[in-house]
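# Examining the three-dimensional arrangement
Letter by letter, the chains look like this.
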Amino acid sequence: MPNQNPLLPDAARRTAAWCGVVLLVTGVAAVAIWLCVIFKTAITPVLLALLGTALLGPVHRWLTARGLKRSLAAALTCVLLVAVVGGAGYIVVTALVDTGDQIVRSLKDTAQWVVDHFGIGRTTSVDDLASNAQKLVEKFGASAAGGLLSGLSLIGSLIATSVLALLLTFFFLRDSDRAAQLAHSVAPRGTGELVEAMGRRAFEAVQGFMRGTTFIALIDAVCITVGLLILRVPGAVGLGALVFVGAYIPYLGAFISGAVAVLVALADRGFVIALWALGVVLAVQVLEGHVLQPMIQSRTVQMHPAMIMIAITAGASVAGLLGMLLAVPVCAAAFGILGELRGDRPGPPSGGGPAGGASGP
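Please read these numbers as outputs of a predicted model, since none were measured by experiment.

## Thoughts on the overall build of the protein
If you tally the helices and strands in the protein, you get 11 helices and zero strands. Sequence-ordered secondary structure for the protein, helices as α and strands as β, is α-α-α-α-α-α-α-α-α-α-α. When burial is assessed residue by residue, the protein has 33% of its 361 residues classed as buried. For the protein, contacts bridging at least 24 residues in sequence account for 77% of all contacts bridging at least 6. Of the roughly 21700 Å² of accessible surface on the protein, a fraction of 72% belongs to carbon and sulfur atoms.

Have a look at this one:
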């Protein structure tokens, strides 16, 4: 029987097969994201609890190594989490409230300086812009609040999410020794080892992000705050708190917080002090990128800066600010799973820089 020639050449059939794979993966990912959005009330506490478990795992292991029962150690670790987060939140909010007026006034003076020196918007004064912005914010706030009932509902939802995340963190810490057994019990026959390995790689990536980012953010905030205090820039403590919070959004957060610090220095202390403030911000970022990240950041978290920016943008489009905060650890965990499937082992950090740092462009 004569051989029949295929309808399509080999290259076209390979391309069609890859297109089918891409469409299938894209469809599954889209359905997964849609389900996460639909069940965000349940998904959000789980993700927050996993981040808290990744950060506080060493504390729990240290307590259990001292002879404490796992439940008591998990409870003490959660109490420590509440104390640290509550204290840090109080310091950040207090600093921003105390210095918020100074920062806003300095930014307004900066806008006026730009108008005076570059002739931008001579027909519109900064006061008019500020008044219009205030009216817009008030209008948006009124429409977004939707009355007292909606505001109370939002506060109740935040409290419920926080409490549920705390309880899940307790259970995840207490029962972390059963994770391998759970992976083997839910995995299809013969794939338990692979599922366990993928879970470990994903969790290692999240651990690297949380521990490295927290430590680097603290060092960045302290260094920039000290530099701004030496330069006598108003609102230095509040700006340092902004740097610490912004560090959890890699690259973008550091850029925005650093730009605000320089603008405040420009408005209140003049062009020369603004240059010194810019030098302080850049020096801290250079220290972070060339010293802190290679020494502190986990080797398991390796993502190109372009991929980080894409992940942050996608997270913002899906879940706003919360999506921006969760995008990088989730993406790093996904890359860890893919690396385990391919058989790759984590190596030394590449020149592109690991994810989770607060390096500015």
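Back to the write-up after that little detour.
## Some thoughts on the nonpolar core
Ranked by size, the top nonpolar core spans 17 residues in total, and within it Leu-228, Leu-231, Val-233, Leu-239 and Ala-265 carry the most contacts. Residues in contact with Leu-228, not counting those within four places in the same chain, are Val-233, Ala-236, Leu-239, Ala-261 and Ala-277. Counting 14 residues, the second-largest nonpolar core is a separate cluster that includes Tyr-251, Ile-308, Met-324 and Ala-333.

## Overview of the pattern of salt bridges
Two side chains that carry opposite charge are able to pair once their charged atoms sit near each other. Scanning all chains against the criterion turns up three salt bridges. In this structure, Arg-13 engages Asp-10 in a salt bridge whose closest nitrogen and oxygen atoms are separated by 3.5 Å. Taken together, the positions of Arg-13 and Asp-10, both in helix 1 (residues 10-38) and three residues apart, correspond to about one turn of that helix. Of the charged contacts in the structure, one is a salt bridge between Asp-175 and Arg-174, with a shortest N-O distance of 3.1 Å. Residue Asp-175 is classed as partly exposed on the basis of its relative accessible area of 22%. Here the salt bridges share partners, and the residues they tie into one network are Asp-10, Arg-13 and Arg-14.

## So, unusual backbone geometry
A positive phi angle is found at Arg-232, which is not glycine, with a value near 60°. Looking at the element boundaries, Arg-232 is found in the loop between helix 7 (192-230) and helix 8 (236-246). Given a relative accessible area of 62%, Arg-232 falls into the exposed group.

## A word on the packing of helix 8 against helix 9 (residues 252-269)
At their nearest, the axes of helix 8 and helix 9 sit 8 Å apart, and the two run at 165° to each other. Overall, the two elements helix 8 and helix 9 adopt an arrangement that is roughly antiparallel. Relative to helix 9, the crossing made by helix 8 is right-handed. Contacts between helix 8 and helix 9 involve Leu-239, Leu-242, Val-243 and Gly-246 on the former and, on the latter, Gly-253, Ala-254, Ser-257, Val-260, Ala-261 and Val-264. Of the residues belonging to the contact of helix 8 with helix 9, the class tally is seven nonpolar, three polar and no charged.

Calculation notes
Residues numbered from 1 in each chain as written. Predicted model: local features only at pLDDT ≥ 70, side-chain atom pairs only at ≥ 80, totals over all residues. Heavy atoms only, no water. Helix = DSSP H or I, 4+ residues; strand = E, 2+ residues; numbered from the N terminus. Buried < 20%, exposed > 50% of the residue type's maximum accessible area, 1.4 Å probe, protein only. Contact = heavy atoms within 4.5 Å. Areas by Shrake-Rupley, 256 points an atom, 1.4 Å probe, with all protein chains shown as cover. Core = buried A, V, L, I, M, F, W, Y, C linked by side-chain atoms within 4.5 Å. Salt bridge = Lys/Arg side-chain N within 4 Å of Asp/Glu carboxyl O. Axes fitted to C-alpha atoms, helices over the stretch in contact; angles between N-to-C directions. Parallel < 35°, antiparallel > 145°, perpendicular 65-115°, else oblique. Left-handed = near helix turned anticlockwise from the far one by under 90°. Nonpolar A, V, L, I, M, F, W, Y, C, P; charged D, E, K, R; others polar.

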